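# Remarks on the overall topology
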Amino acid sequence: AQSVAQPEDQVNVAEGNPLTVKCTYSVSGNPYLFWYVQYPNRGLQFLLKYITGDNLVKGSYGFEAEFNKSQTSFHLKKPSALVSDSALYFCAVTPRGGTYKYIFGTGTRLKVLA
Amino acid sequence: AAGVIQSPRHLIKEKRETATLKCYPIPRHDTVYWYQQGPGQDPQFLISFYEKMQSDKGSIPDRFSAQQFSDYHSELNMSSLELGDSALYFCASSPGTSGYNEQFFGPGTRLTVL
């Protein structure tokens, strides 16, 4: 079965420190990879995606993500965390050639401490 | 910029009642996806439409049905509601069915079944 894993339920980081939110996937082929952020009582906001090309992709609000094909990972990163980055982060994967429905990870709650 | 519109934002129903959730995609987006997010869970794919035809179906109960209309808006009809149907229901839209286009999510409809 195809799946996406976010091994950490919660990540705590001090403001100004770098942050990493991990995502690994078990999906056949070369899937498309996405990161979304969810604030309380809000919809999912798109951050960035990997389609092809450079393994390091840059997205909104200073976030970036590193794709590693051999490790089937797509970790989200930010060089300097802000308190306002505190939210729930979802990794989403969609296999190529299908109907492109998302398979979501279980989510990681990021808490940035002032 | 126009976003995905969902109505109503909140809905409270009794067991065995029916509910209709509506989704208005971003203009010129012809693909709509529905997801269900239970409390503390990741979003789960329910059903999708492309050009007014059902394109994929996930773990959607037989009590639920959906359609996409000529103006591309979509409705999710839920009958014989159960307590377990209480969740946040998201609609997302994208242009076409190319997986490299990210999905744009609406704010969600929070359904509470009493």
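In this report, we go over the structure that sits alongside the text. As the structure is a computational prediction, the values presented were derived from the model and not from experiment. (Residues numbered from 1 in each chain as written. Chains lettered and ligands numbered in written order. Predicted model: local features only at pLDDT ≥ 70, side-chain atom pairs only at ≥ 80, totals over all residues. Heavy atoms only, no water.)

### A look at the interface of chain B and chain A
Every contact between the two is made by 23 residues of chain B and, on the other side, 20 residues of chain A. Here chain B and chain A share an interface that buries about 1,800 Å² over both sides, 54% of which is from carbon and sulfur atoms. Sorting the residues of chain B by area buried against chain A places Tyr100(B), Glu102(B) and Phe105(B) first, and these three jointly supply 27% of that buried surface. One can count two salt bridges joining chain B with chain A. Lys101(A) is the partner of Asp56(B) in a salt bridge, and the nearest nitrogen-oxygen pair spans 3.2 Å. Listing elements by their share of the side of chain B that touches chain A, those giving two or more residues are β4 (31-37), β6 (53-57) and β9 (87-94) of chain B. Looking at the side of chain B that touches chain A residue by residue, the class counts come to nine nonpolar, nine polar and five charged. (Contact = heavy atoms within 4.5 Å. Buried area = accessible area lost by both parts, 1.4 Å probe. Salt bridge = Lys/Arg side-chain N within 4 Å of Asp/Glu carboxyl O. Helix = DSSP H or I, 4+ residues; strand = E, 2+ residues; numbered from the N terminus. Nonpolar A, V, L, I, M, F, W, Y, C, P; charged D, E, K, R; others polar.)

### Digging into the packing of aromatic side chains
According to the stated counting rule, one finds 17 aromatic pairs over all chains in the structure shown. On the basis of an interplanar angle of 25° and a centroid distance of 6.4 Å, the ring pair of Tyr33(B) and Tyr35(B) is categorised as stacked. Note on accessibility: Tyr33(B) and Tyr35(B) belong to one class, buried. Members of the aromatic cluster, connected to one another through ring pairs, are Phe34(A), Tyr36(A), Phe46(A), Phe90(A), Tyr102(A), Phe104(A), Tyr33(B), Tyr35(B), Phe45(B), Phe90(B) and Phe105(B). In this arrangement the basic side chain of Lys78(A) is found over the ring face of Phe63(A), its NZ or CZ atom lying 5.0 Å from the centre. (Phe/Tyr/Trp six-rings, centres within 6.5 Å; stacked < 30°, edge-to-face > 60°. Buried < 20%, exposed > 50% of the residue type's maximum accessible area, 1.4 Å probe, protein only. Lys NZ or Arg CZ within 6 Å of the ring centre and 35° of its normal.)

### Section: the pairing of β9(B)
All names here are of chain B. In terms of residue burial, β9 counts as a mostly covered element, since eight of its eight residues are buried. The side-chain alternation of β9 yields two buried faces, one formed by Ala87, Tyr89, Cys91 and Ser93 and the other by Leu88, Phe90, Ala92 and Ser94. In terms of strand pairing, β4 meets β9 through seven bridges, oriented antiparallel. Considered in β9, the bridge of Gln37 is made with Leu88. Sheet analysis places β9 next to strand β11 (residues 109-113), joined by three bridges and oriented antiparallel. Within the sheet, the bridge partner assigned to Leu88 lies in β11 and is Arg110. Sheet analysis places β9 next to strand β10 (residues 104-105), joined by two bridges and oriented antiparallel. Note that in β10 the partner of Ser93 across the bridge is Phe104. (Pairing = 2+ DSSP bridges.)

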